[in-house]
Amino acid sequence: MSPKPGSTLDRILTLELVRVTERAAVAAARLRGRGDEVAADQAAVDAMRRELNRLPVTGTVVIGEGERDEAPMLFIGEEVGNGKGPKVDIALDPLEGTTICAKNLPNSLAVIAIAEHGGLLNAPDVYMDKIAIGPGYPAGIVDLDATPAENIHAVAAAKGVPVGEVTACILDRPRHARLIEAVRATGAAIRLIGDGDVAGVIHTTDPDETGIDIYLGIGGAPEGVLAAAALRCIGGQMQGRLVINRDDQIQRANRMGIRDVRKKYALSDMAKGDVLFSATGVTDGNMLSGVKFARGDRIETHTVVMRSSTGTVRWIKASHTDMSKFESR
């Protein structure tokens, strides 16, 4: 299927993106379980940055490692790519779940999304309140402004199951104590995760495999945009609202073009137009296997890559024998 009319993204970029997340995942995986979050994250950043500069795009990082004064590389506003292709927005997290990787726990990923220029929300690095469900539901059955009980009951009714058969995914944080209590009061189950809410949102798209029906709670705004990019490709519903309480946060949001800091963003507000998304497993998880360092100088990777304009989702298990492509150069 050809991309929708007006799309500037070449389908060859789909496989090019896989190489970007593969490189970052392998670099981080060499340090998983070592207890050093900073080193693992830096290794992934370095690897992703090198590979990004080979992409045939004129790219601007809109979701990255932080603002220019906070991140020496892959900062918000940084220009990447070889400058010989379409103008695109890029959202990335070279190591989604740094703590997960450092402890060698499930669901750490290397993640990137590319959209046509202006297609991704340029969100500040603050918290975002989020709600997400997968595809196959009537539009608008969940809402950030509804109570947790109302949302859980709505999902159960739409699935045609008792509330006790619904599972919500929530970050295990003190700030979610009341949310957890409210969800459990309905009789629904909860899957608490220590980190990695991009994966948490994506897990709602395949509840038969992951056991997760709905994602609720407050996590990072950048991760919210990345998760929205994935849902634009694979299907689902999502809303987000920035959690901004300080004057400096308001000023930061204003600098990024956000005037209404209490706006409730729909999925299409966070990711629109033609979107490409790629994630490679760093550690084993519900969705992707982690990097395997096999005998005989072989590396195995597992990646999911998606495109919104065609609705294509590819699962790629790759075996790499050329070790030189994973070296710094």
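In case you missed it, the structure is sitting above this.
Residues numbered from 1 in each chain as written. Predicted model: local features only at pLDDT ≥ 70, side-chain atom pairs only at ≥ 80, totals over all residues. Heavy atoms only, no water.

A. Quick peek at the side chain of Asp213. Looking at where Asp213 falls in the secondary structure, it is placed in the loop between α7 (207-210) and β8 (214-220). For Asp213, a relative accessible area of 3% gives the class buried. Among the polar contacts made by the side chain of Asp213, one reaches the side chain of Lys159 at a distance of 2.7 Å. Polar side-chain contacts of Asp213 include one of 2.8 Å to the backbone nitrogen of Thr167. Here Asp213 is in contact with Ala132, Ile133, Gly134, Tyr137, Val155, Lys159, Glu165, Val166, Thr167, Thr204 and Pro207, once residues within four sequence places are set aside. (Helix = DSSP H or I, 4+ residues; strand = E, 2+ residues; numbered from the N terminus. Buried < 20%, exposed > 50% of the residue type's maximum accessible area, 1.4 Å probe, protein only. Polar contact = N/O pair within 3.5 Å; in protein donor to acceptor, adjacent residues only side chain to side chain. Contact = heavy atoms within 4.5 Å.)

B. Up close: the packing of aromatic side chains. Applying the stated criterion to the full structure yields zero aromatic pairs. The residue whose ring lies beneath Arg23 is Phe326, and the NZ or CZ to ring-centre distance is 5.3 Å. The ring of Tyr127 carries Arg175 above its face, with NZ or CZ at 4.4 Å from the centroid. (Phe/Tyr/Trp six-rings, centres within 6.5 Å; stacked < 30°, edge-to-face > 60°. Lys NZ or Arg CZ within 6 Å of the ring centre and 35° of its normal.)

C. Up close: unusual backbone geometry. If you check the backbone angles, Leu74 has positive phi at about 60 degrees while not being a glycine. By the element assignment, Leu74 lies in the loop between β1 (58-63) and β2 (79-80). The phi angle at Asn107 is positive, at roughly 80 degrees, despite the residue not being glycine. Turning to its location among the elements, Asn107 is positioned in the loop between α3 (98-103) and β4 (109-116).

D. Looking closely at the sheet that holds strand β10 (residues 264-266). Read from one edge to the other, the open sheet built from six strands follows the order β7-β6-β8-β5-β9-β10, with strand pairing classed as mixed. Both outer strands of the open sheet, β7 (189-193) and β10, are each paired with one neighbouring strand and no more. Going across the sheet, the axis of each strand differs from the next one's by a mean of 20 degrees, ignoring polarity. Pairing of strand β6 (residues 167-171) with β8, which is carried by two bridges, proceeds in the parallel orientation. Note on β8: the bridge partner recorded for Cys169 is Tyr215. Lying on the sheet, helix α4 (residues 148-159) is in contact with β5 (127-133), β6 and β8; it crosses β8 at an angle near 140 degrees. (Pairing = 2+ DSSP bridges. Axes fitted to C-alpha atoms, helices over the stretch in contact; angles between N-to-C directions.)

E. Up close: the nonpolar core. Core analysis: the largest hydrophobic core is formed by 48 residues, its most contacted members being Leu120, Met238, Leu242 and Phe277. Dropping the residues within four chain positions of it, Phe277 is found in contact with Leu17, Val111, Ile112, Ala113, Ile202, Leu226, Ala229, Ala230, Cys233, Val304, Val305 and Met306. (Core = buried A, V, L, I, M, F, W, Y, C linked by side-chain atoms within 4.5 Å.)

F. Region of the structure containing the pattern of salt bridges. On inspection of all chains with the given rule, the structure shows 14 salt bridges. With a shortest N-O distance of 3.2 Å, Arg241 and Asp145 are connected by a salt bridge. Here Asp145 lies in the loop between β5 and α4 and Arg241 lies in strand β9 (residues 237-243), a separation of 96 residues in the sequence. What makes Arg241 buried here is its relative accessible area of 12%. Given the relative accessible area of 52%, Asp145 is considered exposed. (Salt bridge = Lys/Arg side-chain N within 4 Å of Asp/Glu carboxyl O.)

G. Main features of the packing of helix α1 (residues 12-29) against helix α2 (residues 37-52). Relative to each other, α1 and α2 sit at 155 degrees, their axes nearing to 8 Å. In terms of axis orientation, α1 runs roughly antiparallel to α2. Classified by chirality, the crossing of α2 by α1 is right-handed. Residues Arg19, Val20, Thr21, Arg23, Ala24, Ala27 and Ala28 of α1 pack against Ala40, Ala43, Ala44, Ala47, Met48, Glu51 and Leu52 of α2. Class assignment of the residues belonging to the contact of α1 with α2 gives a composition of ten nonpolar, one polar and three charged. (Parallel < 35°, antiparallel > 145°, perpendicular 65-115°, else oblique. Left-handed = near helix turned anticlockwise from the far one by under 90°. Nonpolar A, V, L, I, M, F, W, Y, C, P; charged D, E, K, R; others polar.)

H. Quick look at the state of the cysteines. Evaluation of the coordinates by the stated rule reveals zero disulfides. The cysteine Cys169 is free of any disulfide, with Cys101 supplying the nearest cysteine sulfur at 19 Å. (Disulfide = S-S within 2.5 Å.)

I. Structural context of the pairing of β9. Among the seven residues that make up β9, six are buried, leaving the element largely enclosed by the rest of the structure. Bridging between β5 and β9 involves seven bridges; their strand directions are antiparallel. If you follow Ile131 over to β9, its bridge partner there is Gln239. Bridging between β9 and β10 involves three bridges; their strand directions are antiparallel. Within β10, the position partnered with Gln239 by the bridge is Ala266.

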